[in-house]
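Structure at a glance
The residues making up each chain are set out below.
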Amino acid sequence: MNIKTEKKNKIFTPTFKKNWILFRQNTMGRIGLFIIVFFALLALVQPLFFISGYWPENVYDPVVGYDALEVELIIVKCPKNNEYPTEKYEEADDCPGPGEISDRMVMPFVPNAKVGDYYETFLQPAPPSKDHWLGTDSLGRDVFSQIMEGSQVAFMLGFISATLSVGIATLLGTIAAFWGGRVDAYLMRQSDLILMLPQLPLLLIMAALYRFKVWHLALVLGILGGFGGLVISVKSQALQVKVKPFVDSARVTGGTKFKIMTSHILPNVAPIALLFMVFGVTGAIFAESTLSYLGLLNIDMSWGMMIYLAQTDGYIFSGLRYWWLVLPAGLSVTFLSGGFYLVGRGLDDVFNPRLRRR
Amino acid sequence: MNNKIVEVNDLVKYFDVKSGFFTGKINEVKAVDNISFEIAKGESLGLVGQSGCGKTTTARIMTLLEEKTSGSIKFFDSKSNTMIDLDEIKDEDIQSFRSQVQMIFQDPYESLNPRWNIKNIVSEPLNIHNLGTESDRVEAVLEMLRTVGITPPENYLERYPHELSGGQRQRVSIARALIMKPSFVICDEPTSMLDVSIRISIMDLMLNLAKDLGVSYLYITHDLAVARYMCERIAVMYNGKILEIADTEELLSNPIHPYTKRLISSIPIPDPNYKRIKYELDFTEVNNIINKSKKTGMIEVSKNHFISSNDFSDDLQ
Amino acid sequence: MSNTLEVKNLTMEYETLEGNVSAVQDVSFAIKKGESFGLVGESGCGKSSVAMSLLKLQADNGQIKDGEILINGSDIVPLSEKQLRKVRWNNISIVFQGAMNAWNPVIKIGEQIREALREHFPEKTKKENYEKMVNLFQLVGLDPDVLERFPHELSGGMKQRAVIALALSCDPDIIIADEPTTALDVVIQDQILNELKKIQKQLGLSVLYISHDISVIAEMTDYMAVMYAGRVIEKGPTKEIFSKPLHSYTRLLLESTPSVIGKKKKLYSLDGEPPSLIEPISGCSFASRCPKPTNDCKNGDIDMELIEVSDNHWVDQCCVKCG
């Protein structure tokens, strides 16, 4: 088996450098890589903030942190509904304005509040400030910390599910291409069947029957993806390799089917499989955020969960007033998925020589 | 005494042309249509024909890459010192067959795995057949690389195919094919994709190796001039059949079959003063011979010179 | 007789990731009216680049850096794309390598040829064009009803004949035939080359044959030039070059070609490959593979220049001294 181990060590060296130069030249790939590195840094830096004491855990923990931010507001008396416009307010919606609070809101708690007094109240959710770069959510938790936590979840989920699905699909696709006949027919029909299943409704049903944790979801996505349409793509790639003369040469030399498959076909299918993996990550991230948004995922914190909370707390339609509750999470999902997609396109250029400009 | 290394009799390969999933066979492509020939030990036979005549299919059948439809292929097994019919070969003997019959392919760019280094490529046969220790194998690879003209061999062990030129890659293919000292090698147009100025050096290498190692060749090519350089006997193939087979110089100076005559007269000559005479297809001589002989299969016209007894006058007009 | 095509000091480069490749360096030759000229060389010697430059059809990253290309006396190098469209096909046309595959598979053959005719002769009627196409097809030995067929219905040889008809459609003064018969059977190749010879005589056409096969060049051309690593290293009358090859590379080409006639002779060939065209080569580009280089050749001291040795027979300087 020493051919295999030696070959594994050498696979990257000769072409890696050349491929890296090619990849670098591709703008899309560069942008994508930059985005991914950015989010990866976010994911990695968060524990460092905690360990170094820069962020006290009781305040900045994304799930159980709490910052008792307080704000002082002036008590004002708002005119009755038919008395607008007044000197200060154009419409009913303008009262109370920023820094003000209506006396009717305060009265139940502080019956003897007078107009002009100052009222201290907790400021949740708080807008971005020096201490909280992206503000806090309605429970007083730091949003930036939550983004970093979500980044960790996204990467972990993405990689586990993508690796699993691509690993399974590559194996099955290569077997289908190489063995042909009934094995191939069965695998293709199986793949067709799984392709037919609509992913989201299926996940909804599964989530209803079983409380998913992140790694459960990763497993399910990985297996669904692995047995699905990817097998067909890998098989077509493997078929192209199978008819190359060097595979015939290996057969004539006397290699067993298994050996030829693992040492000749798989290494040549691997680059394309890597490409599919990158696209698989985007799918996984989207699936997670969708399920979390629907409240179906048993997870402490993720980007989808942030948007779910924003909705259940009623802030989602408050427009840009509470933008830090929705925009960072939404944009993170979009950008990270987009980043992986762009890297995939960049890789496509490297592995598909016909697409290259020169 | 048995002097043969390979004997092919009435080899047939039909490909079925199907249409759709449920329709059966609608047509047959007769890729190889009843061919027979022998190759003696140490001899090289050229299989010459235009594209689509069935010569590559024949090669693939003889190396068990494709299954034949009918016919027999016998080869001389050095282990048992007898002629073994490939139909009767047992699974455990197939490995022995593989170590004695090898193939060199046409495309130097696609016949080496781009992800393997030269050492792994050339030592793969030894690994598969479990011969020697690791250091023995490296020694054998170095020796073989030296023999095929890749020097200094140590510099090339860790290199990859894309770092070598076409000619060097083909030499590596030859090294890999011959490292197990096979007795029979099938060469499928190994020089047609190489530059003209380096073809002869590769062909000379193969001729020398044949002499030194006692290897017999089946040399497949569409170029009659190349076949003349490499082979002692030539078989002319057309549409899956062998039309004529004879010793090389006999075939070139005394072709009988009109197809052979036309083939020879169509080849451009590298001499501007030479006037080629265009040959018009004329089947009278050959039909006379066929009718007189009343045999089927191959008819012997003179010593070791055979022509096919089938009537091709319709196919070729 | 004036020159139909004259190439003077043509120099062409390709920009690539690894650097600038000097594909064609200082190439000069001339073809008279009715003459057939051969350009011979192996892969990478620049002959196809020359062919494409003659119609300014080189790849996007290729640039003509220097030189003149005179077609019927006027230089086409400085012409704009619009002006070139009038020259292409009308004065000079080309039969590409692998041209059989250049047919659009979903359009009938006749329609594709008609396209060329419409472009160059917009004033002609449909009937006139049809008659012209029938004549062309007769010239190349094809049945007129092939005009109504699709490319996949034709054999390789028929497609190639149709390509030649297409090249002749606008009555050019010169055709370039770039490896016109490489993918074809030997018998069909012979037929097509004979047709070309016939057509050439009949129309008084000049033909530039480009091939790596010196046998084809020997039979089809009156004059020839040998290219190596982007330069012309020897040129002259075909018969003269075959009987008295002066450059080592030319000799090598002749000595490494097996033949089916005559006595079987010992052949010679080389190892290695042509030099990379990215770095500029000083001196003789063939020196590293030449079997008998002089000291000057090896040191790269000689200026590369063609010298006329005998009547119209030109050879690179270094080999004149080797002899």
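Residues numbered from 1 in each chain as written. Chains lettered and ligands numbered in written order. Predicted model: local features only at pLDDT ≥ 70, side-chain atom pairs only at ≥ 80, totals over all residues.

1. Section: the overall build of chain A
- On a plain count of helices and strands, chain A comes out with 13 helices and three strands.
- Over its C-alpha atoms chain A spans a radius of gyration of 28 Å, topping by over 25% the 21 Å that the globule rule assigns to 358 residues.
- Its C-alpha atoms give chain A principal-axis dimensions of roughly 95 × 40 × 40 Å.
- Per-residue burial over chain A gives 39% buried out of 358 residues.
- Contacts in chain A between residues far apart in sequence, at least 24 positions, make up 73% of those at least 6 positions apart. (Helix = DSSP H or I, 4+ residues; strand = E, 2+ residues; numbered from the N terminus. Rg over C-alpha atoms; globule rule 2.2 N^0.38 Å. Buried ≥ 20, exposed ≤ 12 C-beta atoms within 10 Å, placed from the backbone. Contact = placed C-beta atoms within 7 Å.)

2. Overview of the overall build of chain B
- Along chain B, the regular secondary structure elements total eleven helices and twelve strands.
- By its C-alpha atoms, chain B is 65 × 55 × 50 Å across when sized along the principal axes.
- Per-residue burial over chain B gives 45% buried out of 317 residues.
- Once local pairs closer than 6 in sequence are excluded, the contacts in chain B between residues at least 24 apart make up 64%.

3. Some words on the sheet that holds strand β2 (residues 19-32) of chain C
Residues and elements named next belong to chain C.
- Spatially, four strands are ordered β2-β1-β4-β5 in an open sheet, and the strand pairing comes out antiparallel. In the strand order of this sheet, the two ends are held by β2 and β5 (74-75), each with one partner.
- As paired strands, strand β1 (residues 3-16) and strand β4 (residues 62-71) are joined by eight bridges and run antiparallel to one another. The residue bridging Met12 from the neighbouring strand is Ile64, located in β4. (Pairing = 2+ DSSP bridges.)

4. Considerations on helix α6 (residues 186-203) of chain C
- Compared with an ideal rise of 1.5 Å per residue, which puts 18 residues at 26 Å, α6(C) spans 26 Å between its outermost C-alpha atoms and is within 8% of the ideal.
- Looking only at α6(C), the buried set comprises Val186(C), Gln189(C), Asp190(C), Ile192(C), Leu193(C) and Leu196(C).
- Where α6(C) is buried, its residues meet α9 (258-266) of chain B together with α5 (156-168), β7 (174-178), β8 (206-211) and α7 (214-220) of chain C.
- At the C-terminal side of α6(C), Gly204(C) shows a positive phi close to 65°. (Expected span 1.5 Å × (residues − 1).)

5. A closer look at the confidence of the model for chain B
- Per-residue confidence for chain B gives a mean pLDDT of 88; residues scoring 70 or more make up 95%.
- Interface confidence in the predicted complex, given as ipTM, is 0.86; pTM for the same model is 0.81. (pLDDT = per-residue confidence, 0-100.)

6. Details of the interface of chain C and chain B
- With 31 residues of chain C at the contact, the number on the chain B side is 28 residues.
- Going through the elements one at a time, α6, α7, α8 (238-243) and α9 (248-255) of chain C are the ones with two or more residues in the side of chain C that touches chain B.
- Here the side of chain C that touches chain B gets five residues from one element, more than from any other, and that element is α7(C).
- For the side of chain C that touches chain B, the class distribution of residues is 15 nonpolar, eight polar and eight charged. (Nonpolar A, V, L, I, M, F, W, Y, C, P; charged D, E, K, R; others polar.)

7. A short note on unusual backbone geometry
- Cis rather than trans, the peptide bond between Tyr84(A) and Pro85(A) has omega equal to -5°.
- Mapped onto the elements, Pro85(A) comes out in the loop between β1 (70-76) and β2 (100-102).
- Unusually for a residue other than glycine, Asn130(B) sits at a positive phi of about 55°.
- Inspection of the secondary structure puts Asn130(B) in the loop between α3 (118-128) and α4 (134-147).
- Unusually for a residue other than glycine, Asn304(B) sits at a positive phi of about 65°.

8. Digging into the sheet that holds β2(A)
Residue and element names in this part refer to chain A.
- Read across the sheet, three strands follow the order β2-β1-β3 without closing on themselves; strand pairing throughout is mixed. The two strands at the open ends of the sheet, each matched to only one other strand, are β2 and β3 (118-122). Between one strand and the next, the sheet's axes are offset by a mean angle of 50°, whatever the strand orientation.
- Of the pairings in the sheet, the one linking β1 to β2 comprises three bridges and is parallel in character. Residue pairing in the sheet places Ile74 in a bridge with Glu100 of β2. (Axes fitted to C-alpha atoms, helices over the stretch in contact; angles between N-to-C directions.)

9. Comments concerning the packing of α3(B) against α4(B)
Residue and element names in this part refer to chain B.
- It is at 9 Å that the axes of α3 and α4 come closest, and there the two elements cross at 115°. With respect to α4, the axis of α3 lies roughly perpendicular. Relative to α4, the crossing made by α3 is right-handed. Of the residues in α4, those in contact with Lys119, Val122, Ser123 and Leu126 of α3 are Arg137, Val138, Ala140, Val141, Met144 and Leu145.
- Of the residues that constitute the contact of α3 with α4, the class distribution is seven nonpolar, one polar and two charged. (Parallel < 35°, antiparallel > 145°, perpendicular 65-115°, else oblique. Left-handed = near helix turned anticlockwise from the far one by under 90°.)

10. Topic: the nonpolar core
- Among the nonpolar cores identified, the biggest contains 157 residues, and Val122(B), Ala175(B), Val185(B), Leu218(B), Tyr219(B), Ala235(B) and Val236(B) are the most heavily contacted of them.
- Element by element, the count of residues in this core is highest for helix α5 (residues 143-179) of chain A, at 17 residues.
- Filtering out sequence-adjacent residues up to four positions away, Val236(B) remains in contact with Val48(B), Gly49(B), Ile242(B), Leu243(B), Glu244(B), Tyr259(B), Thr260(B) and Leu263(B).
- Leu10(C), Ile94(C), Leu136(C) and Val140(C) belong to the second-largest nonpolar core, a separate cluster that totals 86 residues. (Core = buried A, V, L, I, M, F, W, Y, C linked by C-beta atoms within 7 Å.)

11. Observations regarding helix α8 (residues 214-226) of chain A
Residue and element names in this part refer to chain A.
- The terminal C-alpha atoms of α8 lie 18 Å apart, and with 13 residues this matches the ideal 18 Å at 1.5 Å per residue to within 8%.
- Among the residues making up α8, those that are buried are Val214, Leu217, Ala218, Leu221, Gly222, Leu224, Gly225 and Gly226.
- Against α5, α6 (181-196), α7 (199-209), α9 (230-242) and α11 (257-293) lie the buried residues of α8.

12. Topic: the packing of α3(B) against helix α5 (residues 166-178) of chain B
Residues and elements named next belong to chain B.
- At a minimum axis separation of 7 Å, α3 and α5 run at an interaxial angle of 30°. On the basis of the axis angle, α3 is roughly parallel to α5. Seen from α3, the contacting residues are Ile118, Ile121, Val122, Glu124 and Pro125; seen from α5, they are Val172, Ala175 and Arg176.
- Class assignment for the residues of the contact of α3 with α5 results in six nonpolar, no polar and two charged.

13. Examining the pairing of strand β3 (residues 44-48) of chain B
Residue and element names in this part refer to chain B.
- Taking burial as the measure, the five residues of β3 include five buried ones, the bulk of the element.
- Of the two faces of β3, both are covered, the one formed by Ser44, Gly46 and Val48 as well as the one formed by Leu45 and Leu47.
- Pairing of β3 with strand β8 (residues 216-221), which is carried by five bridges, proceeds in the parallel orientation. Bridge pairing links Ser44 to Tyr217 in β8.
- Pairing geometry for β3 and strand β9 (residues 233-238), over four bridges, is parallel. The residue bridging Leu47 from the neighbouring strand is Ala235, located in β9.

14. Observations regarding the pairing of strand β12 (residues 313-316) of chain C
Residue and element names in this part refer to chain C.
- The sheet contact formed by strand β10 (residues 231-237) and β12 spans two bridges and is antiparallel. Residue pairing across strands places Lys235 opposite Trp314, the latter belonging to β12.
- Pairing analysis gives four bridges linking strand β11 (residues 306-310) to β12, with the strands arranged antiparallel. Within β12, the position partnered with Leu306 by the bridge is Asp316.
- Connecting β11 to the antiparallel partner β12 that follows it, the hairpin turn spans two residues, and Asn312 within it adopts a positive phi of roughly 65°.

15. Section: the environment of Leu274(A)
- Take Leu274(A): it is sitting in helix α11.
- Counting along the chain gives 93 residues from Leu274(A) to Gly181(A), while the straight-line C-alpha distance between them is 27 Å.

16. Side note on the confidence of the model for chain A
- With 93% of its residues at a pLDDT of 70 or more, chain A has an overall mean of 84.
- Considering only residues more than four positions removed or in separate chains, one finds that residues 1-13 of chain A, a stretch of pLDDT under 50, has 15 contacts.

17. A word on the environment of Gly214(B)
Residues and elements named next belong to chain B.
- Within the secondary structure, Gly214 sits in the loop between α6 (196-213) and β8.
- Looking at Gly214, the number of C-beta atoms within 10 Å reads 12, which means it is exposed.
- Considered as a pair, Gly214 and Pro182 are 32 residues apart in the sequence and their alpha carbons are 9.0 Å apart.

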